Each structure stands twice: as C-alpha cells, then as structure tokens.
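Structural overview for review
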Amino acid sequence: MRVLVALGGNAMTSPEGSAAPADQVRAITEAMEHVAELVAAGHDVVLTHGNGPQVGNLLVKNEVAAAVVPPVPLDWCGAQTQGTIGFTMLDALEPALARLGVARPVAALVTRTLVDADDPHFREPTKPIGRYLPADEARQMIDHGQHWEDRGDKGWRRVVASPEPREVLDLPAIRALVDAGQVVIAAGGGGIPVVREVDGSLRGVEAVIDKDLTAALLAHALACDILIIATDVDHAMVDYGTPDERPLEFTSLAQMQAYAAAGQFTSGSMGPKVDAAMRFAESGGRSIITSLAHITDAVEREFGTIIDTSPEE
Ligand SMILES: Nc1ncnc2c1ncn2[C@@H]1O[C@H](COP(=O)(O)OP(=O)(O)O)[C@@H](O)[C@H]1O
Ligand SMILES: NC(=O)OP(=O)(O)O
C-alpha cells in the first residue's frame, strides 16, 4: 500500500518538548525505527513532518542577532527547517532500513506549497510556534508587536499566520521518486508557503502552514491508500480529559464530523489532526490517527482511530 505518514512534534523533540540538537536526533532516530518497520512490511512510504518548535526557535535567533547579521524572513526559516530535519531523518532512516535488510533509497525534498495571497488567515495568526513562555514574558513580546496566545498549562506561545495549503508545487518530483521506489521525505512544516504573482512567478510569504492539512492534500494528490497522523496518543478520544474519556476506533466520517462539530477536539493539538484526517477521508482515502509506535499496526492490523467513508454513506 502507499502510505503517507505525518510526524508530529512529539516525534522530533524530547518528551518535555526540548528542541536541543541531541534531543531532536534522539527523537528522530527512534521515530525512524518505526518508519523503517513500516517500509520493511512492504509499503511505499512518504513522510512529512512538523516544524513548529524548530521554526519558532530560528525566528528568535534571527531577531536576536539582527544587529549583527541580516535577518531572513519566516519562509526562509521554514526552508531551513526542511533542510535540517530532512537531513537528520536521512541519517537515521538509512541505517534503520539497513538493519532490517531493506534496500530502499531515501530522499528529502525541499518542497513549496502554494497558498492564496488573500487568505484571511494572514490577518489572524493562529499557528503556535517556538518555545513556551510564562504570561508576563509573553506580554512583553506582545508589547513589541508579536502575537502570543495562552496555551494552557505549558504557558504562552507565539502564533503566526497559517494560510490554507492549496497545492504542493513540487508534487511531480515527489511522485517520480515514490514511483521509483524511494522513501520520500517532503512538505516538511506543511511546505514553504509561496504565492503566485500576476506574472506567474512565485514569492515566499511569511507564514507557517499546518503540516497535517498539507499531509491530507499531498496524500490525495499521490493517490495514497492511507494517511497516518502519527502523534503521542494511540487514539483520538471523545470527552478527552474527563472521567468519561474514551478512545475512538473505527469511526465513520459522519460520526467524526459530528464529534468535531460538538467541539470534541482541541484547536492547536487534536483539532487540526482530525480536520486533516476528515479531509483525506472525504476525498476517498482512509485516515488513521495513532501513536508513532503503532504506525505498522495501524496499516497491518487496523489499530488506531480509523476514519473512512463506510459503505452505507
Ligand atoms: N480529543 C483528544 N484525544 C486525544 N488527545 C488529545 C485530544 N485533545 C487534545 N489531545 C492532546 O493532543 C496531543 C497531541 O497533539 P500535539 O501535541 O499537537 O501532537 P504532535 O506534536 O505529535 O503533532 C495529545 O498528546 C493529547 O494531549
Ligand atoms: N508546521 C507544523 O504544523 O508544525 P507542527 O506540527 O510542529 O506544529
């Protein structure tokens, strides 16, 4: 089967959320063991990944060093995260495949995603990036013109524009590599956001696209059988965080839409994952939300929160 796996931040930072290089390498190395198992089971795998912590940290470095070296825009920071995360994944996935006796080349592609220049999300930042700060420090940043949002127990987090992904522009290259049997890492951080000018040229724009939404678009464009949204919980849950919480297993698209409409899935965490999963299911595929450790079980043994259009719909 052709499977697109979208790796969340939990697959790339320490359990405490540290994005220190050693913590990222450790988390990615473990994640790639699970991805290698899926490839070894005989599936064609396309990987995409988030970049929220990393792109936020790069932005801060730019701002702090602005008096010394010229700062670069947010889309450049996004491109840089595709480079470093892609390179770290390559270094970890190749030996993991070799240990399982799988001879499959791996490629990481710099990927651009088209967005609309007049997307209303440019006016209303919603995408949390970078580190968490206590409320008083976040308020100082707000006084400097930044947008920050209360994210609950962990503190406040900076938010930036997050337009809707419209088209993965490097799709032909991704498709050619997948068709040739390569494991492809693409559209990291949702892809580098670009808009098309009236003369047809492309221009990067300062935003961070939601990687789960791009994953749904890419999975459809590549005619994937399954989209797996890999995170740190085995299932999406209803009544999450209450004594009545319960895991969702096989769930019809209509039922999932009803749960989402009832506000069961928190924005900024499970909300966009369910949204992306429903979009891919709407386009005719099967979506599975589960933990990284269970991605092979998800495909081979139908584990996780599985959403597709059931025959009666
Ligand atoms: N309804 C829900 N069911 C399961 N987990 C939920 C739900 N609502 C919020 N969560 C939280 O969402 C988290 C996963 O989202 P997030 O941390 O953004 O993932 P990632 O970094 O892997 O993309 C889980 O660890 C859980 O705490
Ligand atoms: N770009 C993006 O969605 O990153 P995270 O998954 O890390 O938030």
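For the structure, see preceding data.
Residues numbered from 1 in each chain as written. Chains lettered and ligands numbered in written order. Predicted model: local features only at pLDDT ≥ 70, side-chain atom pairs only at ≥ 80, totals over all residues. Heavy atoms only, no water.

Topic: the sheet that holds strand 17 (residues 305-308)
- Taken in spatial order, the eight strands of this open sheet run 3-9-2-1-12-16-17-15, and their pairing is mixed. Single-partner strands in this sheet number two, and they are strand 3 (106-108) and strand 15 (250-252). Across the sheet, the mean angle from the axis of one strand to that of its neighbour is 20 degrees, orientation sign disregarded.
- Against the sheet, helix 6 (residues 211-221) engages strand 1 (2-7), strand 2 (44-49) and strand 12 (226-231), with an angle of about 170 degrees to strand 1.
- Running at roughly 80 degrees to strand 15, helix 7 (residues 253-261) makes contact with strand 15 and strand 17 of the sheet. (Pairing = 2+ DSSP bridges. Helix = DSSP H or I, 4+ residues; strand = E, 2+ residues; numbered from the N terminus. Axes fitted to C-alpha atoms, helices over the stretch in contact; angles between N-to-C directions. Contact = heavy atoms within 4.5 Å.)

Observations concerning the site of ligand 2
- Every residue close to ligand 2 is listed here: Gly50, Asn51, Gly52, Pro53, Lys127, Gly189, Val208, Ile209, Asp210 and Lys211.
- Within the side chain of lysine 127, a nitrogen or oxygen atom sits 2.8 Å from an oxygen atom of ligand 2.
- Within the contact set of ligand 2, a nitrogen atom lies 2.9 Å away from a backbone nitrogen or oxygen of isoleucine 209.
- For ligand 2, whose free accessible area comes to 260 Å², the fraction covered by protein is 89%. (Near = heavy atom within 4 Å. Polar contact = N/O pair within 3.5 Å; in protein donor to acceptor, adjacent residues only side chain to side chain. Areas by Shrake-Rupley, 256 points an atom, 1.4 Å probe, with all protein chains shown as cover.)

Section: the site of ligand 1
- Close contacts around ligand 1 come from 18 residues, with Asn10, Thr231, Asp232, Tyr240 and Lys273 the closest.
- At 2.8 Å, a backbone N or O of methionine 237 approaches a nitrogen atom of ligand 1.
- In this structure, lysine 273 approaches ligand 1 through a side-chain N or O atom, which is 2.5 Å from an oxygen atom.
- Computed on the free molecule, ligand 1 has an accessible area of 570 Å², of which 82% lies beneath the protein chains in the complex.
- Looking at the shell around ligand 1 residue by residue, the class counts come to six nonpolar, nine polar and three charged. (Nonpolar A, V, L, I, M, F, W, Y, C, P; charged D, E, K, R; others polar.)

Structural notes on the packing of helix 1 (residues 21-40) against helix 3 (residues 74-99)
- At a minimum axis separation of 8 Å, helix 1 and helix 3 run at an interaxial angle of 45 degrees. Put simply, helix 1 runs oblique to helix 3. Our pair here, helix 1 against helix 3, has a crossing hand that is right-handed. Residues Gln24, Val25, Ile28, Thr29, Met32, Glu33, Val35, Ala36 and Val39 of helix 1 touch helix 3, and the partners they reach there are Ile85, Thr88, Met89, Ala92, Leu93, Ala96, Leu97 and Arg99.
- A per-class count over the contact of helix 1 with helix 3 returns twelve nonpolar, three polar and two charged. (Parallel < 35°, antiparallel > 145°, perpendicular 65-115°, else oblique. Left-handed = near helix turned anticlockwise from the far one by under 90°.)

Observations concerning the pairing of strand 16 (residues 286-291)
- Among the six residues of strand 16, six are classified as buried, and the element is accordingly described as predominantly covered.
- Relative to strand 16, strand 12 is paired through six bridges, and the arrangement is parallel. By the bridge assignment, isoleucine 228 is partnered in strand 16 with isoleucine 288.
- Sheet analysis places strand 16 next to strand 17, joined by three bridges and oriented antiparallel. Within strand 17, the position partnered with isoleucine 288 by the bridge is isoleucine 306. (Buried < 20%, exposed > 50% of the residue type's maximum accessible area, 1.4 Å probe, protein only.)

Overview of the nonpolar core
- Core analysis: the biggest nonpolar cluster contains 35 residues, and Leu4, Ile174, Leu218, Leu227, Met256 and Phe265 have the highest contact counts within it.
- Secondary-structure elements contributing two or more residues to this core are strand 1, helix 5 (171-179), helix 6, strand 12, helix 7 and helix 8 (270-282).
- Leaving out residues up to four positions away in the same chain, leucine 4 has contacts with Val46, Thr48, Ala215, Leu218, Ala219, Cys224, Ile226, Leu227 and Ile228.
- Val3, Val5, Val183 and Ile306 belong to the second largest nonpolar core, which has 33 residues in total. (Core = buried A, V, L, I, M, F, W, Y, C linked by side-chain atoms within 4.5 Å.)

Comments concerning the pattern of salt bridges
- Summed over the entire model, instances satisfying the criterion amount to 18 salt bridges.
- In this structure, the salt-bridge partner of arginine 112 is aspartate 170, at a minimum N-O distance of 2.9 Å. Of this pair, arginine 112 sits in strand 4 (residues 112-114) while aspartate 170 sits in the loop between strand 8 (167-168) and helix 5; the two residues are 58 residues apart in sequence, bridging distant segments of the chain.
- The partly exposed category is assigned to arginine 112, whose relative accessible area is 34%.
- The class of aspartate 170 is buried, set by a relative accessible area of 14%. (Salt bridge = Lys/Arg side-chain N within 4 Å of Asp/Glu carboxyl O.)

Some details on unusual backbone geometry
- Phi at alanine 187 takes a positive value of approximately 55 degrees, unusual for a residue other than glycine.
- When you line up the elements, alanine 187 lands in the loop between strand 9 (183-185) and strand 10 (192-196).
- The phi angle at alanine 223 is positive, at roughly 55 degrees, despite the residue not being glycine.
- With respect to the helices and strands, the residue alanine 223 is situated in the loop between helix 6 and strand 12.
- Residue alanine 223 is classed as exposed on the basis of its relative accessible area of 58%.

Purely geometric numbers; function is a separate question.
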